[in-house]
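Spelled out, the chains give:
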Amino acid sequence: MNLPTKESIEFAKKSAEKIAAIKIEAEIFMDFDVDYQHTNKVDREFTQDLIEGKDLSDAYITEYIDG
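Residues numbered from 1 in each chain as written. Predicted model: local features only at pLDDT ≥ 70, side-chain atom pairs only at ≥ 80, totals over all residues. Heavy atoms only, no water.

Colleague: I'd like a description of the overall build of the protein, backed by residues and values.
Modeller: Check the secondary structure of the protein and you find three helices and zero strands. N-terminal to C-terminal, the α/β element order of the protein is α-α-α. Across the 67 residues in the protein, those meeting the buried criterion constitute 6%. When the accessible area of the protein is evaluated, it comes to approximately 6,500 Å², of which 56% is carbon and sulfur surface. (Helix = DSSP H or I, 4+ residues; strand = E, 2+ residues; numbered from the N terminus. Buried < 20%, exposed > 50% of the residue type's maximum accessible area, 1.4 Å probe, protein only. Areas by Shrake-Rupley, 256 points an atom, 1.4 Å probe, with all protein chains shown as cover.)

Here is the structure:
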(Lines give C-alpha, C1' and ligand atoms only; values in the text may rest on other atoms or scores of the structure.)
Protein backbone atom coordinates (compact mmCIF):
# COMPACT_ATOMS: atom_id res chain seq x y z
CA MET A 1 0.00 0.00 0.00
CA ASN A 2 1.33 3.43 -0.94
CA LEU A 3 1.29 6.10 1.70
CA PRO A 4 0.02 9.57 0.81
CA THR A 5 2.69 11.94 -0.44
CA LYS A 6 3.29 15.42 0.95
CA GLU A 7 1.84 16.82 -2.25
CA SER A 8 -1.34 14.77 -2.04
CA ILE A 9 -1.84 15.74 1.62
CA GLU A 10 -1.34 19.43 0.76
CA PHE A 11 -3.75 19.11 -2.15
CA ALA A 12 -6.34 17.47 0.13
CA LYS A 13 -5.96 20.25 2.71
CA LYS A 14 -6.39 22.99 0.10
CA SER A 15 -9.38 21.19 -1.38
CA ALA A 16 -10.99 20.85 2.06
CA GLU A 17 -10.45 24.57 2.73
CA LYS A 18 -12.07 25.49 -0.59
CA ILE A 19 -15.02 23.19 0.08
CA ALA A 20 -15.44 24.52 3.62
CA ALA A 21 -15.49 28.09 2.29
CA ILE A 22 -18.36 27.47 -0.10
CA LYS A 23 -21.45 29.42 0.85
CA ILE A 24 -24.69 28.70 -0.96
CA GLU A 25 -27.06 31.62 -1.16
CA ALA A 26 -30.42 31.80 -2.85
CA GLU A 27 -33.22 34.27 -3.14
CA ILE A 28 -36.83 33.20 -2.99
CA PHE A 29 -38.54 33.78 -6.30
CA MET A 30 -42.21 33.12 -6.53
CA ASP A 31 -44.44 34.12 -9.38
CA PHE A 32 -48.09 34.06 -8.35
CA ASP A 33 -51.27 35.39 -9.77
CA VAL A 34 -52.03 38.53 -7.77
CA ASP A 35 -55.65 37.55 -7.32
CA TYR A 36 -54.78 33.95 -6.43
CA GLN A 37 -56.76 32.71 -9.40
CA HIS A 38 -54.37 29.80 -9.87
CA THR A 39 -53.64 28.98 -6.26
CA ASN A 40 -55.71 27.89 -3.32
CA LYS A 41 -55.66 28.40 0.45
CA VAL A 42 -53.27 25.48 0.98
CA ASP A 43 -50.85 26.90 -1.59
CA ARG A 44 -50.85 30.29 0.14
CA GLU A 45 -50.36 28.79 3.60
CA PHE A 46 -47.60 26.49 2.38
CA THR A 47 -45.87 29.37 0.59
CA GLN A 48 -46.08 31.57 3.66
CA ASP A 49 -44.62 28.81 5.84
CA LEU A 50 -41.84 28.33 3.29
CA ILE A 51 -41.03 32.05 3.30
CA GLU A 52 -41.02 32.10 7.10
CA GLY A 53 -38.55 29.21 7.14
CA LYS A 54 -40.75 26.77 9.00
CA ASP A 55 -39.64 23.14 9.18
CA LEU A 56 -41.36 21.48 6.24
CA SER A 57 -40.91 17.90 7.40
CA ASP A 58 -42.49 14.86 5.79
CA ALA A 59 -45.26 14.99 8.40
CA TYR A 60 -45.94 18.63 7.51
CA ILE A 61 -46.14 17.82 3.80
CA THR A 62 -48.35 14.78 4.39
CA GLU A 63 -50.75 16.93 6.44
CA TYR A 64 -51.13 19.34 3.53
CA ILE A 65 -51.52 16.59 0.95
CA ASP A 66 -53.92 14.45 2.95
CA GLY A 67 -55.59 17.39 4.63
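Colleague: Give a detailed account of the pattern of salt bridges, specifying residues and quantitative values.
Modeller: Inspection of every chain in the model, using the stated rule, returns two salt bridges. Taken together, the shared-partner salt bridges in this structure form one network comprising Asp49, Glu52 and Lys54. (Salt bridge = Lys/Arg side-chain N within 4 Å of Asp/Glu carboxyl O.)

Colleague: Break down helix H1 (residues 6–21) for me, citing the residues and quoting the values.
Modeller: For H1, built from 16 residues, the straight-helix expectation of 22 Å at 1.5 Å per residue is met to within 8% by its first-to-last C-alpha distance of 23 Å. The element H1 is largely exposed, with a buried count of zero among its 16 residues. (Expected span 1.5 Å × (residues − 1).)

Colleague: Break down a nonpolar patch on the surface for me, citing the residues and quoting the values.
Modeller: A cluster of nonpolar side chains, Ile19, Ile22 and Ile24, forms an exposed patch at the surface whose accessible area comes to about 380 Å². If you trace the backbone, isoleucine 19 turns up in helix H1. For isoleucine 19, a relative accessible area of 58% gives the class exposed. (Patch = residues over 30% accessible without salt bridge, like charges linked within 9 Å, V, L, I, M, F, W, Y side chains within 5 Å.)

Colleague: Give a description of the confidence of the model for the protein that names residues and reports values.
Modeller: Residues with a pLDDT of 70 or more make up 75% of the protein, whose mean pLDDT is 77. H1 holds the highest mean pLDDT among the elements of the protein, 93, whereas helix H2 (residues 41–51) holds the lowest, 75. (pLDDT = per-residue confidence, 0-100.)

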